[in-house]
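These are the residues of each chain, in order.
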Amino acid sequence: MPRGRALIVDKDGEFADRVRRCLRAARYAAEVADSRRTALERFTEIHPSIVFLAVEQPRRTGFALFSDVMRLDRHTPIVMVTSTIPMAEILLHQKLRIHADAYLDKAQLDETAIFETLNRLLGLAGESLVESRWLARFAESLGRLKRLHFDVGGDLDRLRSSL
């Protein structure tokens, strides 16, 4: 049973397949969307635990899609991946009030980097890739706990904004 769902948004099928294989090794069900419209449809249908979102030159539609996803759900972690956006532009995006949770370079992305990002963003209790396979039977409970964590975080944000 998968511990969660991931949405990969990228027109590069080869890269999306590579990320999907890595996510499956970490026991995440992964779906791929290759357009903004499809991504938004899939996002609302599957309510992913995490989104891997490609941002590429020249159109940079990933930034617009990022804004769309944040309007739908501010608590789903978003990992922006790129091979063409300059680091200076990524650093500017990180300084915005609402920004991605992680930024990864496509050229350096492997199973370890993906698993470490999942671990950091989804709180997989510091487990290693080997431990993750052992914890498979607890995936549903961990997923419920993580959703509750995000719900409480949203409630706290609303409470803070009302004060």
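All of the points below concern the structure found in this document. Just so you know, these numbers come straight off a predicted model, no measurement behind them.

**Here's the deal with the overall build of the protein**
Next up, step 1: When helices and strands are counted, the protein shows seven helices and five strands.
Next up, step 2: Reading the protein from its N terminus to its C terminus gives the helix and strand order β-α-β-α-β-α-β-α-β-α-α-α.
Next up, step 3: Counting all 163 residues of the protein, 42% fall into the buried class.
Next up, step 4: Long-range pairs, those at least 24 residues apart, make up 68% of the contacts in the protein between residues at least 6 apart in sequence.
Next up, step 5: Accessible surface computed for the protein: about 9500 Å², of which carbon and sulfur atoms make up 54%.

**Things to note about helix 2 (residues 36–46)**
Next up, step 1: Along helix 2, the positions that sit buried rather than exposed are A39, F43 and I46. When helix 2 is viewed along its axis, its buried side chains cluster within an angular range of 95 degrees and face the same direction. Pointing more than 90 degrees away from the buried face of helix 2 are the exposed residues R37 and E45.
Next up, step 2: Among the residues trailing helix 2, H47 stands out with phi positive, at a value near 45 degrees.

**A look at the environment of R5**
Next up, step 1: Its location among the elements puts R5 in strand 1 (residues 4–9).
Next up, step 2: Taking the C-alpha atoms as reference points, R5 and P48, separated by 43 residues in sequence, lie 4.7 Å from one another.
Next up, step 3: Those residues in contact with R5, other than ones at most four positions away along the chain, are Y28, A29, E31, I46, P48, S49 and I50.

**Quick notes on the pairing of strand 2 (residues 28–33)**
Next up, step 1: Pairing of strand 1 with strand 2 involves six bridges; the strand directions are parallel. Residue pairing for strand 2: G4 is matched across the bridge by Y28.

**A word on the pattern of salt bridges**
Next up, step 1: The tally for this structure, following the rule as stated, stands at 10 salt bridges.
Next up, step 2: Taking the shortest distance from any N to any O, the salt bridge between D68 and R36 comes out at 2.6 Å. Separated by 32 residues along the polypeptide, D68 in helix 3 (residues 61–72) and R36 in helix 2 bring together distant segments of the chain.
Next up, step 3: For D68, a relative accessible area of 12% gives the class buried.
Next up, step 4: Take R36: its relative accessible area is 39%, and that puts it in the partly exposed class.
Next up, step 5: Of the charged contacts, one joins E45 and R42 as a salt bridge, the two residues approaching to 2.0 Å between their closest N and O atoms.

Cut-offs and rules
- Here the residue index of a chain counts from 1 through its sequence in written order.
- Per-residue local features of the predicted model are confined to residues with pLDDT of at least 70, and side-chain atom pairs are confined, for both listing and counting, to 80 or more; whole-chain, interface and lining totals are unaffected and use all residues.
- Side-chain measures were taken over the full set of non-hydrogen atoms in the model, leaving aside hydrogen atoms and water.
- A run of H or I in DSSP counts as a helix once it spans at least four residues, and a run of E counts as a strand once it spans at least two, with each numbered from the N terminus.
- Exposure is judged per residue with a 1.4 Å probe applied to protein chains only, and the accessible area is read against the type maximum: over 50% gives exposed, under 20% gives buried, and values in between give partly exposed.
- By definition, residues are in contact when any of their heavy atoms lie within 4.5 Å.
- In short, Shrake-Rupley with a 1.4 Å probe defines the accessible areas, and a residue's cover is counted only from the protein chains shown.
- By arc we mean the arc of the directions from the helix axis to the C-beta atoms, nothing more.
- At least two DSSP bridges between two strands are required for those strands to pair.
- Each salt bridge in this description consists of a side-chain nitrogen of Lys or Arg and a carboxyl oxygen of Asp or Glu lying within 4 Å of one another.

Don't take any of this as a statement about function, it's just geometry.
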